Amino acid sequence: MDLIERLKRIRSALYVPGSNSRALQKVRGLDADMLIIDLEDAVAEEDKEAARIEAVAATREGYAGKLVALRVNGTASRHHLADMEVAAKAAVDVIVLPKVEQAGQLGGLGRSVIAMIETPAGLYSAREISAHRACAALIAGTNDIVAETGICPGPQRQGLELALQTIVLAAAASGKAAFDGVYNALDDLSGLEDECLQGRCYGFAGKTLIHPGQIGIANAAFSPSPEELAEAYELVAAATGGAQRFRGRMIESMHVDAARRTIERAAKSHASGSK
Ligand code: COA
Ligand code: MG
């Protein structure tokens, strides 16, 4: 399966600071579908070089069954070139590039890239960024969008609605996955679950995460529930082609296709990170 398709099956993408060797080990036993080993904001200036060394060593040891991404510092950062040199030595599937504002930023890297959309300029260029041949998926960088714009998200993230939908639509227009931003309140698991379910309804494939305690909730929220799965089987079995009544509503071929995708997603969700 190619990278773009594999990314569509990722429910949970856990950031791991490249400077935290304990965390880099710990994630081997965790159920995250994807790891994003971070060299950017999670790593203090004085730890940048040590983080590069740790990241290469950890990826070379391997993360069986998981997709592995390396988040480098952005193209405008003085750390960017050193990070890209390390990316060439590390065993990673894809690069995460922060603060992408123009599609052209992806071309020079010579790698598949997950582009972070996290600035106003990035939001306005999201369609072209997603369509670039090097772009494998998008991530909504919600903390930066809030910081750069002064938007107050509000309890249901109403303030971010346009930004989130812009990112999902841009990704979908070029057949790629989009991942929702992180949930900062580490101890509010019910708030996290609500936000995961909201993100799924917006059309995100999965959620970026910051703590091991968030993984199970994201995996469950972005997997079909038993009720959804049962209904999908029933719908496929009932379908006769064309428009018909099913459980009091109209269904057509696109609903059958959607039900088939639900069944396939449920079957593959346990092996979602595997190659
Ligand atoms: N990945 C892997 N392991 C992690 C982890 C992560 N993102 N966050 C915490 N852990 C581990 C800790 O190492 C610790 O392991 P141990 O019990 O074996 O020692 C365990 O999980 C519990 O951690 P906890 O004490 O609850 O976390 P903390 O209070 O020390 O740290 C954060 C909280 C937010 C600083 C930390 O979770 C973190 O660095 N998250 C990622 C931040 C990041 O990458 N930001 C950039 C993208 S937004
Ligand atoms: Mg950011």
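Here, every reference points to the structure presented above.
Now for a description of the structure that goes with this document. (Residues numbered from 1 in each chain as written. Chains lettered and ligands numbered in written order. Predicted model: local features only at pLDDT ≥ 70, side-chain atom pairs only at ≥ 80, totals over all residues. Heavy atoms only, no water.)

A short note on the environment of Gln244
Along the polypeptide, Gln244 turns up in strand β9 (residues 244–246). With 152 residues separating them in the primary sequence, Gln244 and Val92 have C-alpha atoms 47 Å apart. Sequence-distant contacts of Gln244, that is, excluding residues within four places in its chain, are made with Ala238, Ala239, Arg249, Met250 and Ile251. Among the polar contacts made by the side chain of Gln244, one reaches the main-chain carbonyl oxygen of Ala238 at a distance of 3.0 Å. In terms of polar contacts, Gln244 uses its side chain to reach the backbone amide nitrogen of Thr240, at 2.7 Å. (Helix = DSSP H or I, 4+ residues; strand = E, 2+ residues; numbered from the N terminus. Contact = heavy atoms within 4.5 Å. Polar contact = N/O pair within 3.5 Å; in protein donor to acceptor, adjacent residues only side chain to side chain.)

Describing the pairing of strand β6 (residues 135–140)
Buried residues dominate β6, accounting for six of its six residues. Note: strand β5 (residues 113–117) against β6, five bridges, orientation parallel. Residue pairing across strands places Ile114 opposite Ala137, the latter belonging to β6. Here β6 runs beside strand β7 (residues 177–180); their pairing, made up of three bridges, is parallel. Looking at the pairing, Ala137 lines up with Ala177 of β7. (Buried < 20%, exposed > 50% of the residue type's maximum accessible area, 1.4 Å probe, protein only. Pairing = 2+ DSSP bridges.)

Notes on the site of ligand 1
Among the 15 residues in the neighbourhood of ligand 1, the closest are listed as Tyr15, Arg22, Lys26, Ile210 and His211. Between ligand 1 and the protein, one listed contact pairs a nitrogen atom with a backbone N or O atom of Ile210 at 2.8 Å. Note that an oxygen atom of ligand 1 is positioned 2.7 Å from one of the side-chain N or O atoms of His211. A total of 900 Å² of accessible area belongs to ligand 1 in isolation, and the protein chains cover 60% of it. At four residues, the largest contribution of residues to the shell around ligand 1 is made by strand β1 (residues 12–17). Taken together, the residues of the shell around ligand 1 break down into 10 nonpolar, one polar and four charged. (Near = heavy atom within 4 Å. Areas by Shrake-Rupley, 256 points an atom, 1.4 Å probe, with all protein chains shown as cover. Nonpolar A, V, L, I, M, F, W, Y, C, P; charged D, E, K, R; others polar.)

A few points about the coordination of the magnesium ion (ligand 2)
Within the protein, the magnesium ion (ligand 2) binds to Glu118 (OE) and Asp144 (OD); these donor distances fall in the range 1.9 to 2.3 Å. Of this pair, Glu118 sits in the loop between β5 and α6 (120–124) while Asp144 sits in helix α8 (residues 142–149); the two residues are 26 residues apart in sequence, bridging distant segments of the chain. When sorted by exposure, Glu118 lands in the same class as Asp144, which is buried. (Donors = N, O, S within 2.8 Å, 3.2 Å for Na, K, Ca; no water.)

Here we look at the environment of Val100
Inspection of the secondary structure assignment puts Val100 in the loop between β4 (94–97) and α5 (104–107). With 24 residues separating them along the chain, Val100 and Ala76 place their C-alpha atoms 10.0 Å apart. For Val100, the contacting residues outside a window of four places in its chain are Gln105, Leu106, Ala115, Met116, Ile117, Thr119, Gly122 and Ile129.

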